[in-house]
Amino acid sequence: KQEVTQIPAALSVPEGENLVLNCSFTDSAIYNLQWFRQDPGKGLTSLLLIQSSQREQTSGRLNASLDKSSGRSTLYIAASQPGDSATYLCAVAGGTSYGKLTFGQGTILTVHP
Amino acid sequence: GAVVSQHPSWVICKSGTSVKIECRSLDFQATTMFWYRQFPKQSLMLMATSNEGSKATYEQGVEKDKFLINHASLTLSTLTVTSAHPEDSSFYICSAPPWTASYEQYFGPGTRLTVT
């Protein structure tokens, strides 16, 4: 059974800092890995999707890497802003169950001015 | 981009009643949709896979007679919580992949269910 762990559980940083969120998964037979953002009481916003054959994806100030063999992914946020404050969720799609996502517990990010 | 909507966004119901939640793909067709549940301070857990034209498949531990899923069309899936109890109070979110090649998931805004 796939298990996804995110570290740290919470992170508080001053505005402008670069930061790294970590995600690890136990079964390397994944189809893809997706990073989401969730604001309090809201749904999920897709940030980045990395296919199992890819090593990284970039979107603006966000960069996500994937090391499938070691079961790790990182989300790098450059020049953090207060508007980045949210919960960040990592989710993996299984090798044979493409649409089923297994989520980590999330990292609660607070960026203070 | 792909948009998924849910209705209602929040609902309060009395214990013992049934509640229907709708999930719609607004600008694409989805033969498959997924229903997740999120308890406070917890992550999302997959409840079931909704399949257009066939029965839903449920994850282990999810009561299929309690959580009825109907994928009525290529753009609509409904989740009905039957005989709701306070422990069913949760945040229910659906998702759909608009492109089967990448299977990137797009999520609805969620429905907050409170059972009193």
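The structure displayed is predicted, hence computed values, not measured ones. Residue positions are counted from 1 within each chain, in the order its sequence is given. Written order decides the labels, with chains lettered from A and ligands numbered from 1. Reporting of local features is limited, given that this is a predicted model, to residues whose pLDDT is at least 70; pairs of side-chain atoms are given and counted only at 80 or more, and all residues count toward the totals for whole chains, interfaces and linings. Side-chain numbers here rest on the full set of heavy atoms in the structure, without hydrogens or water.

What follows concerns the layout of surface pockets. Residue and element names in this part refer to chain A. Computed over the protein atoms alone on a 1 Å grid, cavities are sets of points where a 1.4 Å probe fits but cannot get out and pockets are open sets with protein on both sides within 12 Å along at least five of seven lines; a residue lines them when it has an atom within 4 Å of a point. Grid points are joined across faces, edges and corners, and a volume is the space filled by probe spheres set on the points. Counted as a void, the second largest pocket has a volume near 500 Å³. Comment: elements are numbered from the N terminus, with helices defined as DSSP H or I runs of at least four residues and strands as E runs of at least two. Among the elements of the structure, strand S9 (86-94) and strand S11 (107-112) are those that each provide at least two residues to the lining of the second largest pocket. With three residues, S9 is the single largest residue contributor to the lining of the second largest pocket. Just so you know the grouping, Ala, Val, Leu, Ile, Met, Phe, Trp, Tyr, Cys and Pro go in nonpolar, Asp, Glu, Lys and Arg go in charged, and all remaining residues, Gly too, go in polar. Considered class by class, the residues forming the lining of the second largest pocket number nine nonpolar, eight polar and three charged.

Take the state of the cysteines next. Any two cysteine sulfur atoms within 2.5 Å of one another count as a disulfide. Counted by the stated rule, this structure contains two disulfides over all chains. Note that A:Cys23 is cross-linked by a disulfide to A:Cys90, the S-S spacing being 2.0 Å. Between A:Cys23 and A:Cys90 the disulfide shows an S-S torsion of about -55°. By sign, it is left-handed. One end of the pair, A:Cys23, is in strand S3 (residues 19-25); the other, A:Cys90, is in strand S9, with 67 residues separating them in the sequence. Each of the two residues, A:Cys23 as well as A:Cys90, counts as buried. The disulfide partner of B:Cys23 is B:Cys94, and the S-S distance across this bridge is 2.0 Å. An S-S torsion of about 85° defines the bridge between B:Cys23 and B:Cys94 as right-handed. One end of the pair, B:Cys23, is in strand S3 (residues 19-25); the other, B:Cys94, is in strand S9 (residues 90-96), and 71 residues separate them in sequence. Here the two residues B:Cys23 and B:Cys94 agree in accessibility, since each one is buried. Exposed residues in this analysis have more than 50% of their type's maximum accessible area, buried residues have under 20%, and partly exposed residues fall in between, with area computed by a 1.4 Å probe over protein chains only.

This next bit is on the confidence of the model for chain B. Overall, the predicted model of chain B reaches an average pLDDT of 92, with 96% of residues at or above 70. Per-residue confidence from the predictor is reported as pLDDT, which spans 0 to 100. Summarising per-element confidence for chain B, the mean pLDDT is lowest in strand S10 (residues 106-107) of chain B (90) and highest in strand S11 (residues 111-115) of chain B (97).

Before going further, it helps to examine the packing of aromatic side chains. Note on aromatic contacts: the rings of Phe and Tyr and the six-membered ring of Trp form a pair at centre separations within 6.5 Å, being stacked when their planes are under 30 degrees apart, edge-to-face when over 60 apart, and tilted otherwise. Applying the stated rule across the entire model yields six aromatic pairs over all chains. Ring centres of A:Phe103 and B:Tyr36 lie 5.6 Å apart, and the angle between their planes is 85°; on these two criteria the pair is classed as edge-to-face. With A:Phe103 in strand S10 (residues 101-103) and B:Tyr36 in strand S4 (residues 32-38), the pair connects residues from two separate chains. Across the pair, B:Tyr36 and A:Phe103 agree in class, each one buried. Taken together through their ring pairs, the aromatic side chains of A:Phe36, A:Phe103, B:Tyr36 and B:Phe107 make up a single cluster.

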